[in-house]
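So you can see what is in the structure, the chains are spelled out below.
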Number of protein chains: 6
Amino acid sequence: MLIKVINANTSPAMTATIGRSAESIVAPGVEVSAVSPAMGPESIESHYDEALAVPGVLAEIAAGEQEGADGYVIACFGDPGLDAAREIAHGPVVGIAEAAMRTATHLGRGFSVVTTLDRSRGRTWDLADRYGVSRFCLGVHATDIAVLELDSDPDALKKVISASRAAAEADGSDAIVLGCAGMSAFCPVIASEIGLPVVDGVQAAVLLVQSLVQMGLQTGSMGEFAPPLPKTYTGLLRDFERR
Amino acid sequence: MLIKVINANTSPAMTATIGRSAESIVAPGVEVSAVSPAMGPESIESHYDEALAVPGVLAEIAAGEQEGADGYVIACFGDPGLDAAREIAHGPVVGIAEAAMRTATHLGRGFSVVTTLDRSRGRTWDLADRYGVSRFCLGVHATDIAVLELDSDPDALKKVISASRAAAEADGSDAIVLGCAGMSAFCPVIASEIGLPVVDGVQAAVLLVQSLVQMGLQTGSMGEFAPPLPKTYTGLLRDFERR
Amino acid sequence: MLIKVINANTSPAMTATIGRSAESIVAPGVEVSAVSPAMGPESIESHYDEALAVPGVLAEIAAGEQEGADGYVIACFGDPGLDAAREIAHGPVVGIAEAAMRTATHLGRGFSVVTTLDRSRGRTWDLADRYGVSRFCLGVHATDIAVLELDSDPDALKKVISASRAAAEADGSDAIVLGCAGMSAFCPVIASEIGLPVVDGVQAAVLLVQSLVQMGLQTGSMGEFAPPLPKTYTGLLRDFERR
Amino acid sequence: MLIKVINANTSPAMTATIGRSAESIVAPGVEVSAVSPAMGPESIESHYDEALAVPGVLAEIAAGEQEGADGYVIACFGDPGLDAAREIAHGPVVGIAEAAMRTATHLGRGFSVVTTLDRSRGRTWDLADRYGVSRFCLGVHATDIAVLELDSDPDALKKVISASRAAAEADGSDAIVLGCAGMSAFCPVIASEIGLPVVDGVQAAVLLVQSLVQMGLQTGSMGEFAPPLPKTYTGLLRDFERR
Amino acid sequence: MLIKVINANTSPAMTATIGRSAESIVAPGVEVSAVSPAMGPESIESHYDEALAVPGVLAEIAAGEQEGADGYVIACFGDPGLDAAREIAHGPVVGIAEAAMRTATHLGRGFSVVTTLDRSRGRTWDLADRYGVSRFCLGVHATDIAVLELDSDPDALKKVISASRAAAEADGSDAIVLGCAGMSAFCPVIASEIGLPVVDGVQAAVLLVQSLVQMGLQTGSMGEFAPPLPKTYTGLLRDFERR
Amino acid sequence: MLIKVINANTSPAMTATIGRSAESIVAPGVEVSAVSPAMGPESIESHYDEALAVPGVLAEIAAGEQEGADGYVIACFGDPGLDAAREIAHGPVVGIAEAAMRTATHLGRGFSVVTTLDRSRGRTWDLADRYGVSRFCLGVHATDIAVLELDSDPDALKKVISASRAAAEADGSDAIVLGCAGMSAFCPVIASEIGLPVVDGVQAAVLLVQSLVQMGLQTGSMGEFAPPLPKTYTGLLRDFERR
C-alpha cells in the first residue's frame, strides 16, 4: 500500500518532519511518500496562502494517481483542496484537521486546538463547524509562533507545551489537538509533559487513510465527487486541464 | 467609483453578459469593469474547477488594486477565493452567492435556489450553512444545464423557468435565487413568468458593493483579514508572492 | 423613488437625525420621507415599548401605501412589526437590525453590537438567531445610555466610542454594529476613532431598500406574506381593519 | 388562585370555549377568568392580525394585575405579546404554543402540529425554533379551516381528525399538538379517534400556570424582564403609558 | 391518582426528602409513592453510576405497573433510564432534569444550573442539548459538594446559596435550576435568599406528571416507544425478561 | 496489542460473526477477543433492551482491565454504555455507531444508515446529533428485519442490499453505513452489488481502536471521565461496586 502525504507548503524541512512522523506509525508493508508541491507558498498563514497552496496540492494528487498511490493525506491544518482532491483521486483523501479533530472526539467531552498565529483561528472554527465537531472543540488557542519558526525557534516546543497546558485548563478539555503539521514531532513530549492525550493530525490522518484503504473504502464517486468534467483550461494553469 | 466584477471562469461570452447586467443597475458615476481571469477553467462545475479558478480571481483582485478599484464582485455562485480576496483588497469584496442568498432573506420566509448541474448542489448548501441562511434556503434544484449551455442551448431559458416554477411550488418559497452568474440575463423574464421575486446575484452583489463603498465600509483588516504576511512563493505561482 | 423611513418611536429629534442620515446616502432622485408614528412610546427600551410601537409603525406603512412609497425602512434596532409590515406593503420593507447585521457579515468573520441598555441585549440575540447571523455576532454590549440620552447626554458619543473599542477588543471582531437608530449620526466619528468599520443600520437599510426597488424585488406575496384577510376589528383599533 | 386566560381575539364564542376547557381541568379552588380583549381583530390569521392583537392582550394583563390575577395564559397559538406581558405581570405568563409544544416533548420523539390556515405555518416554525422544540416538531400541517369556521363549519371536527391522522402518519409522530385555541373542545374526540395523545395548549397552559403559581415561580424580574421604564406614550395608545 | 417518584439512588434519606417535597405540592387526592431501587449505587456521580442505576429504576417502573401507578417521576438530575421507562410504562414518565429545565424556560431568557460535582456538568449539557434548552441554559455550575454530603454537610445549604447567587450574576440569568434531587428541600430558602425564582425538578416533575395524567396524556406507544419485543434475557438480569 | 470487542447482546452466533470480521482486518500482532456479556438480552431492539445490555458490557470492560486489554470496541449500533465504559477503561473505548458514522464522513457529502427495525431509527438520529454528524447523515432506513433474523432469514442479505440501493438513491448519498453489528459479514457483498462504499462499524471501530492505541491515545481521565468515585452498591448489582 502506498500512501502519499502531501505537505501543502514548500518547506522541505517540514516535509521531512511530516514524513518521519507518518512513516513511524504505519503498518509494516505500507509505504509513505511525503512530498512538497512544486509550486506555492513556503508556509500557510492566511486564506491567501492557503488558496494558492491548492494547485500544488492538486498537482501532487494527480501525480499520485500515476504513481499508484492508494490514498492521500493533505498535511496542513486548513485541509486545503480537500473537496477538489476527492474528485480526482480514486482512493481516499483525508485532511489532517478533519482527522485530528474527529479522532479527538473519541477521547472525552472535548478538546482544545493549539495553533500558530492568531489569524489562523478563524479557519479552524470554520472547519470545526463544517466537520460537525464544534460541540467538541472547546477552544482554539494561538501560540503566536509563525509556521517556519516551529523549526527554527529553540523555544518553540516550550511555548507549545505551555500554551497546551493553559488551553486545557481554560477550556476544561480532555485532549489537545495540535493545529499545525509542523508540530507533529512535538506530540509525544507535550503529552508526557501535560498528562493529557495530544492528537497529531499527521499520524491520525495517515492511520485513517491506511484503515480506509484496508476496508476498501473510497470517496463515493457517483455524485458530487465524480471526476471533474473535461473542459478547456487556459493560461498559467492550462496543464491542470483534464480530458 | 470603480467596481471590478470578476467572472471566475474564462468564458468571454459569460463575462459580457455579467458586465451588461452589472452596468445596467449601478448608480450614475459608478464604473463597472467586468473581466475574466487570464488563467483557469472555462466553466466551473466541480470543486476542482472552482479551486483552480481561484488563482485567476486573485490575480484580478491584485490587478484591481493597481487599477484603483474601490470594490469587487466575485461573479460565480461558489464565491471562489472570497476569504483570500478580502485579505488583499483594501475595499469590500462580495460574492454573488452570499449577496443573492442574503438579499433573498429580506423577501419572505424562504427561497429556492435554481442552479445548473446536480453535482453543484452540495457547494450551495455548504455556502448556505456558512452564511447563516440555511434556515431560509428551502431547496436547491438542478436544471441539468451545463454552465456554458446557458448561452448555447436555445431551450435554456425555458428550462430555468420551468425549474423555478417547480421549485417554488415544491418548497413553498417566497422567492427564487438564480444559482449561476450565467443566468443573470434571464432574471426579469423568469420573474414575470412565475410571478415571484427572482434574485440575480450579479445585480445584488454589485449594488451591495456600491452601498458598502458609499458607506465607507471595508473588510476589517486588523485581525484574520489583515494583508498576508510576505513570504517566498515558488514554481508556477511565484508571481503571486507578496512583499 | 420614494422610501419611507419610519422611526418607531415618537421622538421628533431622533426622527430628524434618522432622516438626515438616510437622505445623505441615497442616490440622486430617491426621496426619503422620515416620519414618527402618531401614537406610541417616545423611546423603545423594553418588549412592552416595542410591542406598543407596532400599531404606529403599521399605520405609517398603511399611509405610505396611499402616499406611493416604493419601499420602507423600520428604523428601530428591534425591527418592530417587520413581518406584519411585509404583509401590507407592496414594496420591500427592511428593518435596521437585519440590514446592519447582514451588512456586517460581509466585512470579516464577525461583529460586535453596541447598544443602549443592558435589558435590550436579549432582543438583539433573538434577532441574530432569527436572521441567521448569530455565528457572526460575537458580542452584544450595553453602554447603559438610555435611548433619549443619546441626544441629550453630552458624553454619549464618548461613551459609545469607548464601548465600541472595548467590544472590538473583547470579541476580536472585525466591525462594530450600532445597536440603536439614535446612534446613526455618530457612525463616521466612531469609525475614524477606532479604526474599524462601523455599520449604521439606518444607512444600511435605506441603501438596501433602494437596491431592492431598483432590482424590482418585493416581498413574495403568494403565501405567508399575502395581504391579511379582511375581518372585523373593534375598539380602539377599529381603524386598523382592512377590507 | 386566580388564573386569567386571555383569548387574544375578540370572538366571544371562542372565549367561551376556551374558558370551559380551562375551567374543566384546574384544581379545586383555582378560579379561571376567561376574557377577550376590548380591542383588536376577531380572529388572528396573519402577522398583521397578531401584531394588532397585542395591545388588547396587554391591556388585559394590566387589568389582571388590578384584579389580583396570580398568573396568565395567552390563549392564541402565536403566543402574541408574551415577552411584553412578562414585563408587566408579577406572576407567570404562559402562551399556549409554548405550553403545548413543550408538553408534547415529554410524550415521545416528536409531534405534529395541526393548525388552521397554511399561512400560519411559518409562525409556528418560528416559535418552535425559539422555544427549542424544532427537533421535536416533525411537521406543521394546515387544515385550511379559517379560525372562526372551527365553530361554524359542521365538518370542522371531521377535517381536523382526518388532518391529524394524516399528519401522524406522514411524520411518524408520537403525538398531535392542536395549533389553535379554537380547537380546544375537539381534543378528547380526536385523541380517541386517532389513538394517539393529543395536546390542547389551553389545558396544557392553564395547568402549567397553576403549577408555577403553586411552586411560587414567577418571571425573573431583575434583568430583561424588569418592569418597563416609565415614559411618555402619545396618541391612540396614550393610556398604555406606565408611570 | 398514584404517582410513583423513583429516587434513582439507594439512599433512604434522600428518598425521604424527595417524597416530602413531592407530597407537599400535589393536588388533594393524588397519592405519591416515593421509592429507592432495590439495587444499584447509593449516589450517582459518574456515567458509570448512572448506567448502573438504570436497572433498579426500570424494576421500580415495572413494579409500578403492577401497583397501578398512573405516572412516574425519575428523581435524579441525569434522567437515567427515561427512554426505556417510557417503553414499559403505560402512563407518562418525566425526568426531573427535563421538567426543571423546561419549566425554567417559561421564567425569562435563561437559567443557570447549580449542581454537585464538576464532573457532572457534562451530562447536564448533554441533556440540555437533547431537550432543546441549551439556548436557555446560560451556565452549569458545580458546588463541589458530593451528593450524599448535601444531607450531611452542615454548610451545604450555605454553599448552594452562594453558588446560586454567583451563577446568576455570572450568567445574567433569570432563574436558578437545582441540579440534584437532593437539593429539593433547599429550594424555598435559596429563592428567598437570592431573590430569583429557583426551580426544583422534583416538584416541577411531579406537577407535570399530575397535569399529564389529568389531561389523559401518555407516551405515544405506536412507534419507537411501543412495548419492548419479548425475548430471552439471561444471567443476573434474567428477571427483566418481558414476555 | 489486545483489543476486546464486546458484542452487547448475548447471541453467540453474532459474537462469532463480529469476531471474524474484526480479526480479518487488524494488523499482524494485534489480538482480538470477541465476547458476549454474561447477562442481558439476546438482541437489542428497544431502549429497554439497550439499557439492560449496559451492565453486561461494563462487566466485560472491567474484566478486560484484568485481562490486559489495550482498548475496546462496543459492537452494537446504539453504542450502549460508552460514556460509562470510558470511565473504567484505561485505554480507548469506541462504539461502532460513532466509528462507522465518523468514518463515513470522510467519503463524501453524506451517507445513509440502513438498520433493522423502524423503532431503532430514533436512537440512530440521537447518536448522529450527539456525535455531530447529523449534517452528514442523509437518512436512516429500516429493513424491518429483526436483529436475530439477520442470521436466520435466508433473504436477509437480499433485503439489506435492496434497502441500501433504495436508500442511496432516495438520499443521494455517497456511502452506506450498516446500522447493526450483525450485518458486518454482508459488507463486501453489498458494496460490490450497489457500487458505493459501505461502512461496517465493527471493522471501522476495531481499526480506530488499533490506531488510537498505536498513537498512545486514551480517554482523558482528569475530568468528567476520571474513574468513578468508590461507593456502596447494593442488591443484584453489588458486585459492580468499585473501591
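Calculation rules
Residues numbered from 1 in each chain as written. Chains lettered and ligands numbered in written order. Predicted model: local features only at pLDDT ≥ 70, side-chain atom pairs only at ≥ 80, totals over all residues. Heavy atoms only, no water. UniProt positions renumbered as here; feature names shortened; annotations may be inferred. Helix = DSSP H or I, 4+ residues; strand = E, 2+ residues; numbered from the N terminus. Rg over C-alpha atoms; globule rule 2.2 N^0.38 Å. Buried < 20%, exposed > 50% of the residue type's maximum accessible area, 1.4 Å probe, protein only. Contact = heavy atoms within 4.5 Å. Areas by Shrake-Rupley, 256 points an atom, 1.4 Å probe, with all protein chains shown as cover. Domains from an automatic or database assignment. Buried area = accessible area lost by both parts, 1.4 Å probe. Salt bridge = Lys/Arg side-chain N within 4 Å of Asp/Glu carboxyl O. Polar contact = N/O pair within 3.5 Å; in protein donor to acceptor, adjacent residues only side chain to side chain. Nonpolar A, V, L, I, M, F, W, Y, C, P; charged D, E, K, R; others polar. Core = buried A, V, L, I, M, F, W, Y, C linked by side-chain atoms within 4.5 Å. Lys, Arg positive; Asp, Glu negative; His and termini not counted. Expected span 1.5 Å × (residues − 1). Bend = angle between axes of the 7 residues up to and from the residue. Least-squares fit on C-alpha atoms with pLDDT ≥ 70 in both. Pairing = 2+ DSSP bridges. Axes fitted to C-alpha atoms, helices over the stretch in contact; angles between N-to-C directions. Parallel < 35°, antiparallel > 145°, perpendicular 65-115°, else oblique. Phe/Tyr/Trp six-rings, centres within 6.5 Å; stacked < 30°, edge-to-face > 60°. Lys NZ or Arg CZ within 6 Å of the ring centre and 35° of its normal.

- Looking at an unreviewed UniProt entry, one finds chain A named Allantoin racemase and attributed to Kibdelosporangium banguiense.
- Of the comments in the UniProt record for chain A, the one headed Sequence similarities (unreviewed entry) reads "Belongs to the HyuE racemase family."

**Regarding the overall build of chain A**
Line of reasoning, step 1. Scanning chain A from N- to C-terminus turns up nine helices and 10 strands.
Line of reasoning, step 2. Its C-alpha atoms give chain A a radius of gyration of 17 Å, near enough to 18 Å, the size a compact globule of 243 residues would have.
Line of reasoning, step 3. With the C-alpha coordinates aligned to their principal axes, the bounding extent of chain A is approximately 55 × 35 × 35 Å.
Line of reasoning, step 4. By the burial criterion, 68% of the 243 residues in chain A qualify as buried.
Line of reasoning, step 5. The contacts in chain A between residues at least 6 apart in sequence include a share of 69% that link residues at least 24 apart.
Line of reasoning, step 6. Accessible surface for chain A amounts to roughly 7500 Å². Of this, 50% is attributable to carbon and sulfur atoms.

**A word on the domain arrangement of chain A**
Residue and element names in this part refer to chain A.
Line of reasoning, step 1. Entries for chain A in the domain assignment read domain 1 (2-95 + 203-240) and domain 2 (98-201).
Line of reasoning, step 2. In this structure, domain 1 and domain 2 have C-alpha centres spaced 22 Å apart.
Line of reasoning, step 3. Facing 28 residues of domain 1, the contacting portion of domain 2 comprises 28 residues.
Line of reasoning, step 4. Around 2000 Å² of area is buried between domain 1 and domain 2 when both sides are counted, 57% of it from carbon and sulfur atoms.
Line of reasoning, step 5. Three residues stand out in domain 1 for area buried against domain 2, namely Met14, Glu45 and Phe77, and they jointly supply 35% of the buried area on that side.
Line of reasoning, step 6. In this assembly, domain 1 and domain 2 are joined by three salt bridges.
Line of reasoning, step 7. Taking the shortest distance from any N to any O, the salt bridge between glutamate 50 and arginine 123 comes out at 2.9 Å.
Line of reasoning, step 8. Applying the counting criterion to the domain 1 and domain 2 interface returns 16 residue pairs in polar contact (both at pLDDT 80 or more).
Line of reasoning, step 9. Among the elements of the structure, helix H1 (12-23), helix H2 (47-67), helix H3 (82-88), strand S5 (93-95) and helix H9 (201-214) are those that each provide at least two residues to the side of domain 1 that touches domain 2.
Line of reasoning, step 10. Along the lines of polarity and charge, the residues of the side of domain 1 that touches domain 2 split into 12 nonpolar, 10 polar and six charged.

**A look at the nonpolar core**
Line of reasoning, step 1. Counting residues in each nonpolar core, the largest one holds 546 residues, and the members touching the most others are Met101(A), Met101(B), Met101(C), Met101(D), Met101(E) and Met101(F).
Line of reasoning, step 2. In this view, Met101(F) contacts Phe77(F), Phe111(F), Val113(F), Thr124(F), Leu127(F), Ala128(F), Tyr131(F), Val133(F) and Val177(F); residues no more than four positions away in its chain are not counted.

**Notes on the side chain of Asp79(E)**
Residue and element names in this part refer to chain E.
Line of reasoning, step 1. For aspartate 79, the location among the structural elements is in the loop between strand S4 (71-74) and helix H3 (82-88).
Line of reasoning, step 2. No salt bridge is formed by the buried aspartate 79. Its closest oppositely charged neighbour is arginine 123, at 6.8 Å.
Line of reasoning, step 3. In terms of polar contacts, aspartate 79 uses its side chain to reach the side chain of tyrosine 131, at 2.6 Å.
Line of reasoning, step 4. Contacts of aspartate 79, omitting those with residues within four sequence positions, involve Ile74, Gly95, Ile96, Ala97, Glu98, Arg123, Leu127 and Tyr131.

**Things to note about the pattern of salt bridges**
Line of reasoning, step 1. Within this structure, the stated rule accounts for 108 salt bridges over all chains.
Line of reasoning, step 2. Linking Arg121(E) and Asp118(E) is a salt bridge whose minimum nitrogen-to-oxygen distance equals 3.9 Å.
Line of reasoning, step 3. With relative accessibility at 44%, the residue Asp118(E) sits in the partly exposed group.
Line of reasoning, step 4. Salt bridges sharing common partners tie together Asp83(A), Arg130(A), Glu224(A), Asp126(B), Asp129(B), Arg109(F) and Arg135(F).

**Overview of helix H2 (residues 47-67) of chain F**
Residues lying three or four places apart along an α-helix face the same way, a consequence of the helix completing one turn every 3.6 residues.
Residues and elements named next belong to chain F.
Line of reasoning, step 1. Over its 21 residues, H2 extends 30 Å from the first C-alpha to the last, a length consistent with the 30 Å expected when each residue adds 1.5 Å.
Line of reasoning, step 2. If you look at H2, its biggest bend is around 30 degrees, right at valine 54, and the proline proline 55 turns up within four residues after that.
Line of reasoning, step 3. Counting buried positions along H2 yields 15 of 21 residues, so the element is predominantly enclosed.
Line of reasoning, step 4. Positioned one or two residues after H2, glycine 68 has a phi angle of 85 degrees, which is positive.

**Let's talk about the relation of the copies chain C and chain D**
A rotation about some axis, followed by a shift along it, carries one copy of the chain onto the other.
Line of reasoning, step 1. Under the fitted operation, chain C is carried onto chain D by 0.0 Å of movement along the axis and a turn of 180 degrees, and the coordinates agree to an RMSD of 0.0 Å. Taken together, the rotation and translation describe the operation of a two-fold axis.
Line of reasoning, step 2. A high fraction, 100%, of the interface residues of chain C reappear at the interface in chain D, so the copies pair face to face through one surface.

**Structural notes on the sheet that holds strand S2 (residues 31-35) of chain A**
Residue and element names in this part refer to chain A.
Line of reasoning, step 1. Taken together, four strands build an open sheet; the order of strands is S2-S1-S4-S5 and the sheet is parallel. The open sheet has two edge strands, S2 and S5, and neither has a second partner. Ignoring strand direction, the axes of neighbouring strands in this sheet form an average angle of 20 degrees.
Line of reasoning, step 2. Of the strand pairs in this sheet, strand S1 (residues 2-6) and strand S4 (residues 71-74) are connected by four bridges, and their pairing is parallel. Pairing of isoleucine 6 across the sheet is with isoleucine 74, part of S4.
Line of reasoning, step 3. In the packing of H1 onto the sheet, contacts are made with S1 and S2, and the angle to S2 comes to roughly 165 degrees.
Line of reasoning, step 4. H2 rests against S1, S2, S4 and S5 of the sheet, and its axis sits at about 165 degrees to S1.

**Topic: the packing of helix H4 (residues 96-104) of chain E against helix H9 (residues 201-214) of chain E**
A pair of packed helices is characterised by two quantities: the angle between their axes and the separation of those axes.
Residue and element names in this part refer to chain E.
Line of reasoning, step 1. Direction vectors running N to C along H4 and H9 enclose 95 degrees, while the axes themselves pass 8 Å from each other. Judged by the inter-axis angle, H4 sits roughly perpendicular to H9. Along the contact surface, H4 presents Ile96, Ala99, Ala100 and Thr103, while H9 presents Gly201, Val202, Ala204, Ala205 and Leu208.

**Digging into the interface of chain C and chain D**
By a frequent convention, interface size equals the accessible area lost on bringing the separate parts together.
Line of reasoning, step 1. The interface is formed by 44 residues belonging to chain C together with 44 residues belonging to chain D.
Line of reasoning, step 2. For the pair chain C and chain D, the two sides together bury roughly 3800 Å², of which 58% comes from carbon and sulfur.
Line of reasoning, step 3. Of all residues in chain C, the largest losses of buried area upon contact with chain D belong to His47(C), Tyr48(C) and Arg119(C), amounting jointly to 20% of the total for that side.
Line of reasoning, step 4. Inspection of the region where chain C meets chain D yields eight salt bridges.
Line of reasoning, step 5. Of the charged contacts in the structure, one is a salt bridge between Lys231(D) and Asp49(C), with a shortest N-O distance of 2.7 Å.
Line of reasoning, step 6. Run the count over chain C and chain D and you get 30 residue pairs in polar contact (both at pLDDT 80 or more).
Line of reasoning, step 7. If you tally residues by element for the side of chain C that touches chain D, the top one is helix H2 (residues 47-67) of chain C, at eight residues.
Line of reasoning, step 8. Residue composition of the side of chain C that touches chain D, by class: 22 nonpolar, 10 polar and 12 charged.
Line of reasoning, step 9. Looking at chain direction, strand S10 (residues 233-234) of chain C and strand S3 (residues 40-41) of chain D are connected through two bridges and run antiparallel. Looking at the pairing, Thr234(C) lines up with Gly40(D) of S3(D).

**Concerning the packing of aromatic side chains**
Line of reasoning, step 1. In this structure the tally under the stated criterion is six aromatic pairs over all chains.
Line of reasoning, step 2. Aromatic side chains Tyr48(E) and Tyr233(F) sit 6.1 Å apart centroid to centroid with 50 degrees between the ring planes, which places their arrangement in the tilted category. Of this pair, Tyr48(E) sits in helix H2 (residues 47-67) while Tyr233(F) is found in strand S10 (residues 233-234), placing the two residues in two different chains.
Line of reasoning, step 3. Judged by relative accessible area, Tyr233(F) falls into the buried class, the value being 4%.
Line of reasoning, step 4. A cation over an aromatic ring shows up here: Arg102(A) above the ring of Phe136(F), its NZ or CZ 5.2 Å from the ring centre.
Line of reasoning, step 5. Here Arg242(B) stacks its cationic end above the ring of Tyr48(A), 5.4 Å away from the centre of that ring.

**Description of the environment of Ala34(E)**
All names here are of chain E.
Line of reasoning, step 1. Summarising the element assignment, alanine 34 is placed in strand S2 (residues 31-35).
Line of reasoning, step 2. Judged by relative accessible area, alanine 34 falls into the partly exposed class, the value being 27%.
Line of reasoning, step 3. Along the chain, alanine 34 and arginine 238 lie 204 residues apart, while their C-alpha atoms are 26 Å from each other.
Line of reasoning, step 4. Residues in contact with alanine 34, not counting those within four places in the same chain, are Val5, Thr15 and Gly19.

**Remarks on the sheet that holds strand S6 (residues 111-115) of chain C**
Residues and elements named next belong to chain C.
Line of reasoning, step 1. Reading across the sheet, the four strands line up as S7-S6-S8-S9 and stay open at both edges, with parallel pairing between neighbours. The two strands at the open ends of the sheet, each matched to only one other strand, are strand S7 (137-142) and strand S9 (198-199).
Line of reasoning, step 2. Where strand S8 (residues 175-178) and S9 come together, two bridges link them in parallel fashion. Among the inter-strand pairings, isoleucine 176 is bridged to a residue of S9, identified as valine 198.
Line of reasoning, step 3. Most of the contacts of helix H5 (residues 121-130) go to S7, to which it runs at about 160 degrees, and overall it touches S6 and S7.

**Describing helix H4 (residues 96-104) of chain A**
Line of reasoning, step 1. The element H4(A) is extensively covered by neighbouring structure, given that nine of its nine residues are classed as buried.
Line of reasoning, step 2. By the burial criterion, the buried members of H4(A) are Ile96(A), Ala97(A), Glu98(A), Ala99(A), Ala100(A), Met101(A), Arg102(A), Thr103(A) and Ala104(A).

**Notes on unusual backbone geometry**
Residue and element names in this part refer to chain B.
Line of reasoning, step 1. The phi torsion at aspartate 79 lies on the positive side, around 50 degrees, for a residue other than glycine.
Line of reasoning, step 2. One non-glycine residue, aspartate 144, adopts positive backbone phi at about 65 degrees.
Line of reasoning, step 3. If you trace the backbone, aspartate 144 turns up in the loop between strand S7 (137-142) and helix H6 (149-152).

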